[in-house]
Amino acid sequence: MNDPQLESLLTAIAISSGLLTAPSSSTPTQRNSAFQALDQFQSYPGRIAACLDLLTRPTLLLHHHHATPLPLDVTTPTKLYALGILQEFLKRGYAASSEEDRLRLRSSILGAARGLAEATEEEAQSRILSMKIAALVADLAVREFPQRWGTFVQDLVGEGGIWSSGGGAGVGVKICLECLKLITEDCTDSDFNSKASVELCMMERFFISTTRRNDILLGLNETSHLLLHPIFSLLSNQYSSLLQSKATLQQMNAYLASQSRTPAQMTAEERAQYQHQIEIRDRSGAMVADALTTLEKFCQSMPLDWMFTVQNGIDYVSALLHLLQEEVANIHVLAVACLYQLTMRKLESEHWWRLVGTLPGALYEASVAVGRRAEERGLPHAHCVEMLVEQLEFHRAVSRMGSTLVSAHVAYITSDKEVGCGSGAKFDAVSTFLRLLSEMATHHSGVVCGEQINTWVGLLRDPAIIKTKVLTPHLSNVLMAYMKHLVKIRWSDVWDESHPYAALIEESWDSEEDYDEWLGNLRSKASLLFRSISYAEPEISVTIVHSKIQSLLNAHSTGEPRDQINPQNNELTPKSTACLEFEGVTQPLDNILQGLPSWSVDDGNYDAKRMKIRQTIKPLLAELANMIVAWNPHDVWLKFRRTLLLEALKHYWKYDPSTLPNGIDSLLVYLSATDNPPRESLSVDVVGLRKKVGVSIVAVAKVVPHLLVPWLAQLSDRAKTLLTNGRLSPTNEMHLYEFLSCVATAVENAVDRSNFIMDVLANAVRTLESPEVQNAISSVDGLLSFMGIAQVASDPGCVTNPTFVDKVTSDFSAMFSSLNQFLSVGKRCHEAARARPNGGLPLQNLPLVIDESSSNFPDEGPVSLNELAINDPFVPLWPKLLPTLIRVLDVTLGVWHPDRQATLLCNNIQRYALAISDDEAYLATKQENTTGGVFGEGGTAGSIVSGWDRRDRNLTPKWSGWFNELRNNCFQLLGLLSAQRVLYAPEISHLYPQLVSVVANPEHIRSMEHRHLNQYLKQFIEIMMLSCPATLYQSHLTAILVPLFENMKYRLQCSWDPILRNAASSTDSTKPLTSESCTDAVNKLSTGNVESWLLAYYARGGLFVGDLDSVTGEAAVEKARVELTRNFSDMIQSVLALKGGWALVLANKAKEEQAVKKNDPSKLTSGPRNQISQVDGPVNADGTSRTPVQLHLDARRLLRIDKMCHFLLLENELIAGHLVVTIVQCLEYPDAYSCRRCTRICHRILETVAWVDRYTDLIGNRLLSAAVKNIVTEPKWMIGRPRRQSIGHVIFVIRCSFMRFLTLTLIGSMNATIGIEWDMINIIRDIYGRLTLGQYFLPGGQGAGMQQARDSNSARFEQSRVVDKPLQGGGILVAPSDLPRRIFMQIGISQEDILTLEKCLEEKRSAKEQKDILRDVLRVAADKLKESEGLFNRDDDNGLLGRANLNESLLHRHARQPEITALPEKLVTYSMVRKAEEKVVEADGPWHGNLFG
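Please read all numbers here as calculations on a predicted model, not as lab measurements. (Residues numbered from 1 in each chain as written. Predicted model: local features only at pLDDT ≥ 70, side-chain atom pairs only at ≥ 80, totals over all residues. Heavy atoms only, no water.)

Undergrad: Looking at this structure, how should I read the overall build of the protein chain?
TA: Across its full length, the protein chain holds 67 helices and 6 strands. Looking at the protein chain residue by residue over its 1493 residues, the buried ones come to 54%. Residue pairs in contact within the protein chain that sit at least 24 positions apart in sequence constitute 75% of those at least 6 positions apart. For the protein chain, the computed accessible surface area is about 64,400 Å², with 52% contributed by carbon and sulfur atoms. (Helix = DSSP H or I, 4+ residues; strand = E, 2+ residues; numbered from the N terminus. Buried < 20%, exposed > 50% of the residue type's maximum accessible area, 1.4 Å probe, protein only. Contact = heavy atoms within 4.5 Å. Areas by Shrake-Rupley, 256 points an atom, 1.4 Å probe, with all protein chains shown as cover.)

Encoded structure:
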């Protein structure tokens, strides 16, 4: 490159980098010309030689440019540009270079690195260049070292290498450290990247083949002694220099102090010397920090011997421990980071004991050093706020490192004999280390103790550690520390700096929101910690919590210091100190009382040690309960806190109910609490207190109902008094009814129980039987008039008339509250019935021996109400309630009939009765209630009915919520009717046709919105199917499921078709109905074309969103569509035993079979491997306790599971046809959540019906076609790991707001879905095997294919022995079908390839091999399809409905080859040669065996 070319290149670089800023030299034309010149240079044949020449020049100056009279230094941008071209060449053209060219390139790069190190001091520009050259050297090394570049380490750190250039303490050292760090990262962290090639599109760096990485690591390990010695010497020398400069600075400060001068009063010469020492200190600290950054990578990935071996004065662990004292350049934090990486690895026993034994001493020395620094700075002590702020990052890192060291190596504690016996050096070492952690937990910043909570929980849940008592001395500190940090910090005190540790708190959390999130996480984790401490050391726990509450009552019982007062009533607020303190102690009290072992509080006989502990605990608990019960605060918020404390006592009252009556009496008093002074309407605080009291009395009654039975008469009288005074809200009344029903369920006599429940609900019965309610539910018009909707047609202003609003609201509240009281009481009675010894079965004497093969259970059929009432006292009320319930549901669903909708939508006010509520609009866009909910900042209150919300005195915004409440209440009551088995009782048989005429009314079903149908499926249909006796499937399920499944097929198809058909044009058809677009819908209905209206109705999910904004409205439509699909698939999974309680039955059965097969009874008492079981006796597969009655329940569920599969798929063609077709369609809908669950359902379908001829076309054609299409078209929504940058890109490409929400929804489901393509391939495998190859599989398509033999007289296969047992694998099609072959031929697979495929599938029958074979075949088909579509070599991104690219596709996941492959030269190291020679010597040695045997 001649001088003019060089000048032209430098000019282009100067302009593009912004060095030439004069207007005459930075015009757009000149900048474009400069960029074009730089682009052209990158294709210049001699660019590599030119770049190497540029790198070797010490300076590059731009002369003779009109924009600058003086030469312009462009050295740094030019060398960066040259290095970029060289780095790109390494990726693209280096592999094809000759050996001579590679050597020349390597020599030039090394020369440039040495030149940079020798020519410059440490500056910002030289640091940038050094990092770039380091990356280039690292890229070169991973391609050449060690086979082709055996002298790499010597060239790096040897004599005359980069390290020693410039004196061995400047840029050269930084280049070497950075280079080693990059190589370590590339060769260790790229393991995951090489397997998950999808992520590589997010990374600029390459990935390396496994062989190449191994060779590099072997080479580094072989030369580790050459690397570690200079790094250790660097640490030693630079740290010594650092200490010397600090000592000199200290002497200078002392000298100035002796002359009564400050550093600001130094002379010019003194200031120069002072500044020189500061520069030495900072430079040395930076060098140490750089070395530690590289060492951190070594600690993370390289052999542990590198750090732990002590040889020739090199001891890295001791050095790291010593560096914990140094704060310059954050050296102490970096040292902790290195130690943390070591603790994250599996350490040898001696290494672990070394760290445990030496860390406390090292940290003590570090604390002494902090004390010296505090003294030098004139601070009072090392624990003052200023020093705590300065040391926070270090303290947090040490806490995390120390807790990880323990939790990752618990086995060394449990297996050591000295620790086990509680004495000896190792016991002392562990105890000292735990004391260190417990003392750190008392740090004034909660983030420090937050790092340890998982460790303490893990230790406390390990029975072996609990037995050693090594934790006992430290649990007091731990318990008090976490109790202290549960008290919420008042953030206003931090803002105004009145909090004593305000600066520390601001350093710990970025904002109040950040702190609230942290506190929520801490509280959730602390629950298990408190329970575990209480279980392990009850005496310590009770003593501490007793002392804490006693001190709080002494200090704050009357609200002192009465700060943060409400000026309106002079009462405390939630932010008052007293309220915050009592709030912080509530959770510890509840968890500690809950975690107490029974022996510590009951009256049993135990060993002397336990008896002694109990003698200490019980008086403290009695005094604690008396203190709380006797406390009588006057402030509303203190009453709120006392309510929580009283609720926590429910765990203690189980053993000592002496204070229970007084406690319940106090809660009932609070249930009717009022403001002081009284107000016309209750304040928000009092309403909140009442609600909490209601929840609390129900919670207490659930735990100790039997202890309240003796006071049942008094409680009933008290309840009647509260109910008749008219001051209770509907919510309070509901809580009171629930409380009484919980107590009533503990009454021994079944008749008395039922009578009491009937007495409790007498008012609700009278309300529902009143003429007003009966008239309201007699017709749709009656209901509309009852809710004030009909009157709007003649008087629009009535919706804001206070008198009319109050009357309608009161009437509706009375009706709804009555229904809600039935629901609440019924649920409580049902829960109590299931908790009885017989598990709720209508049999009083269950047999001791269960015949699991029996299909004849006496209760598996219609059971009379009298028998059901023995367990459930609510049952006798159903004959009175059910007729009313049927009519309420009928008229409620009738409001949504098309003719009614047409009428209501015409009216500007009545139309809002059909709208979604503000709360539903909020849920469509919000997932977390962190901004005040629907009424908070960013909430949707007043968005449906513009300017009005449900809290206003206006009926219009209330209607939508009322209809939701009424409808959901009816569905839940029907679910309760089914769960209590009343639906199948003979006494209800005359009402069953009426019920079916409503719940299975085709007009009702097709008129429901998606959101209505969601509740219908979850709250009624699923419960009905799970609770129905197997003998009643035909009589009770058929009439309801046929119209439902028929509508679901049509509804889902209409909902998703606009999305599948054309995503870009689907916006209009899927927009929700708004106030502005009502006219179009009314006009469509007025023509009488209901079917056309239904298409649009289902496309928008049936939603009318009123005045809601378009973006939120479209989000609500998408939410409704996706939720309906997911809920339907979840329901089918539940009834086919693929999730939920029925799936647990199958898991328990498999667990029992495994225990018998392996002759290992311990498996019956062990839960999942990822859980620590604290349950004595048998446990379920999910780790929960397995009760004796569960054997009887599971036997009946097994029968139902088998019968349900047969009923749904083989007994009724209408049910089976609609169901299977719907599931097949769901496989094509772009929602990964639903698709994955439908694949599981498909396997169950195949296991049940694959052997049936009439299913062959449906399975072999439609189902297989859908699965194959999903694989060969490779839609993005199916890929397991989406590209991160595609989110923004998709939103950019698909601009409409509707598709934006669709995109975000689908991405959310994709992020939670890994490998759905494999699930789809497994479907193809299952179909092909059963229909064509005569292979069947384990449930779920798992396991190897089990090949059936062919009939000797024909081409047919022998049927499997489990053909009628789908839960064991099911059957096959004995007459092989050609349909799968035809499907494969239609996608471009030749006949020869199909024959080869089938041969491979028959020879290789393991699941992995068969799926790999199918993937390879389908990849060929996908490539042919893409070639026909012209999609090869295109990087288009058509959104989530488009085709995945090569990096994303499962079919091509292994198509991308590593950029850096293994070298052809075989690696032979000195260690390998030595080991080989030792083996030869050993083999040739004398034989000393016994010659005569």
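Undergrad: What exactly am I supposed to notice about the nonpolar core here?
TA: General note: in soluble globular proteins, nonpolar side chains tend to be found buried as a group. Ranked by size, the top nonpolar core spans 439 residues in total, and within it L324, F739, F874, Y1016, I1021, L1208 and F1384 carry the most contacts. Of the residues forming this core, the biggest block, 12 residues, is contributed by helix α51 (residues 1033-1061). Look past the residues within four positions of Y1016 in its chain and what remains in contact with it is F971, V999, A1000, I1005, M1008, I1021, I1040 and L1044. (Core = buried A, V, L, I, M, F, W, Y, C linked by side-chain atoms within 4.5 Å.)

Undergrad: Even after reading the chapter, I still don't get a nonpolar patch on the surface, so can you show me in this structure?
TA: Together, L218, V1468, M1472 and V1473 make up an exposed nonpolar region whose accessible area comes to about 310 Å². Within the secondary structure layout, M1472 lies in helix α67 (residues 1470-1484). (Patch = residues over 30% accessible without salt bridge, like charges linked within 9 Å, V, L, I, M, F, W, Y side chains within 5 Å. Salt bridge = Lys/Arg side-chain N within 4 Å of Asp/Glu carboxyl O.)

Undergrad: Help me understand helix α28 (residues 538-556), please; the structure alone is not making it clear to me.
TA: An α-helical segment advances 3.6 residues per turn. Residues three or four places apart therefore align on the same side. A rise of 1.5 Å per residue sets the reference length of α28, with its 19 residues, at 27 Å; its end C-alpha atoms lie 26 Å apart and thus fit the reference within 8%. Residues of α28 that are buried sit in contact with α24 (472-485), α27 (512-536), α29 (577-595), α30 (608-630) and α31 (636-648). (Expected span 1.5 Å × (residues − 1).)

Undergrad: For this particular structure, what's the right way to read the side chain of N1047?
TA: You can see N1047 is positioned in helix α51. For N1047, a relative accessible area of 8% gives the class buried. The contacts of N1047, once residues within four sequence positions are left out, are I1005, R1006, L1013 and Y1098.

Undergrad: Where do I start with the packing of aromatic side chains in this structure?
TA: Taken as a whole and judged by the stated rule, the model has 30 aromatic pairs. Their ring planes at 25° and their centres at 5.5 Å tell us that W491 and Y515 sit as a pair that is stacked. You can see W491 sitting in helix α25 (residues 491-495) and its partner Y515 sitting in helix α27, a full 24 residues away along the chain. Overall, W491 belongs to the buried group, its relative accessible area being 5%. Judged by its relative accessible area of 1%, Y515 falls in the buried class. Taken together, the ring pairs in this structure connect W491, W509, Y515 and W518 into an aromatic cluster. Lying across the ring of F935, R951 places its NZ or CZ 3.7 Å from the centre. (Phe/Tyr/Trp six-rings, centres within 6.5 Å; stacked < 30°, edge-to-face > 60°. Lys NZ or Arg CZ within 6 Å of the ring centre and 35° of its normal.)

Undergrad: Is there a simple way to explain the environment of V1417 in this structure?
TA: The topology assignment puts V1417 in helix α66 (residues 1407-1429). For V1417, a relative accessible area of 15% puts it in the buried group. Taking the C-alpha atoms as reference points, V1417 and L1451, 34 residues apart in sequence, are found 9.3 Å from one another. Excluding anything up to four places from it in sequence, V1417 contacts F1384, I1389 and L1397.

Undergrad: Looking at this structure, I do not really get the environment of R1121. What am I missing?
TA: In this structure, R1121 sits in helix α55 (residues 1110-1135). When its relative accessible area of 1% is taken as the criterion, R1121 is described as buried. Sequence separation between R1121 and G1101 is 20 residues; the distance between their C-alpha atoms is 6.1 Å.

Undergrad: Looking at this structure, how should I read the environment of P463?
TA: Assignment of secondary structure puts P463 in helix α23 (residues 463-468). Spatially, the C-alpha atoms of P463 and T414 are 9.3 Å apart, while their sequence positions differ by 49 residues.

Undergrad: I keep staring at the pairing of strand β5 (residues 1335-1338) and nothing clicks. Help me out?
TA: The side chains of a regular strand alternate between the sheet's two faces. Two strands pair when backbone bridges link them, and β5 and strand β6 (residues 1342-1347) are joined in this way by 3 bridges, in the antiparallel orientation. Bridging from a neighbouring strand, L1338 pairs with Q1342 of β6. Between β5 and β6, which pair antiparallel one after the other, the connecting turn spans 3 residues, and G1340 there sits at a positive phi close to 80°. (Pairing = 2+ DSSP bridges.)

Undergrad: I'm lost on unusual backbone geometry in this one. Help?
TA: Peptide bonds are, in most cases, trans, and in most cases residues other than glycine have a negative phi. Following F145, the chain continues into P146 via a peptide bond in cis, with omega recorded as 0°. Inspection of the secondary structure puts P146 in the loop between α6 (124-144) and α7 (152-157). Cis geometry is found at the peptide bond from N676 to P677, where omega equals 0°. On the secondary structure map, P677 appears in the loop between α33 (660-671) and α34 (684-703).

Undergrad: Sorry, what's going on with the confidence of the model for the protein chain here?
TA: Detailed reading of the predicted model is not advised wherever pLDDT is low. For the protein chain, the mean per-residue pLDDT works out to 87, and 90% of the residues sit at or above 70. This stretch, residues 1281-1313, has a pLDDT under 50; its non-local contacts, to residues over four places away or in other chains, come to 71 contacts. Predicted confidence is poor over residues 1486-1493, with pLDDT under 50, and the contacts of this stretch with residues over four places away or in other chains come to 0 contacts. (pLDDT = per-residue confidence, 0-100.)

Undergrad: Could you clarify how one ought to interpret the packing of α27 against α29 in this entry?
TA: Geometry of a packed helix pair, given as the angle between the helix axes and the separation of the axes. Direction vectors running N to C along α27 and α29 enclose 45°, while the axes themselves pass 7 Å from each other. Between α27 and α29, the angle is such that the two are oblique. Handedness of the crossing formed by α27 with α29: right-handed. Between α27 and α29, the contacting residues are R523, A526, S527, F530, R531, S534 and Y535 on the first element and E583, Q587, P588, N591, I592, Q594 and G595 on the second. Class assignment of the residues belonging to the contact of α27 with α29 gives a composition of 5 nonpolar, 6 polar and 3 charged. (Axes fitted to C-alpha atoms, helices over the stretch in contact; angles between N-to-C directions. Parallel < 35°, antiparallel > 145°, perpendicular 65-115°, else oblique. Left-handed = near helix turned anticlockwise from the far one by under 90°. Nonpolar A, V, L, I, M, F, W, Y, C, P; charged D, E, K, R; others polar.)

Undergrad: How should the pattern of salt bridges be read in this particular structure?
TA: Pairing is possible between side chains of opposite charge, provided their charged atoms come close. Enumeration according to the criterion identifies 66 salt bridges in this entry. Here E144 makes a salt bridge to R102, at a shortest N to O gap of 3.7 Å. Taken together, the residues E144 in helix α6 and R102 in helix α5 (residues 99-119) connect sequence positions 42 residues apart. Of the two residues, E144 and R102, both sit in the buried class. Between D493 and R490 there is a salt bridge, and its shortest N-O distance comes to 3.0 Å. Among the ionic contacts, a cluster of salt bridges with common partners joins K1408, D1412, R1415, D1416 and R1419.

Undergrad: How should the packing of α31 against α33 be read in this particular structure?
TA: Running from N to C, α31 and α33 point in directions that differ by 145°, and their axes come no closer than 11 Å. The crossing of α31 and α33 is left-handed. Contacts between α31 and α33 involve K639, R642, T643 and L646 on the former and, on the latter, G663, S666, L667 and Y670. Here the residues of the contact of α31 with α33 are counted per class, giving 3 nonpolar, 3 polar and 2 charged.

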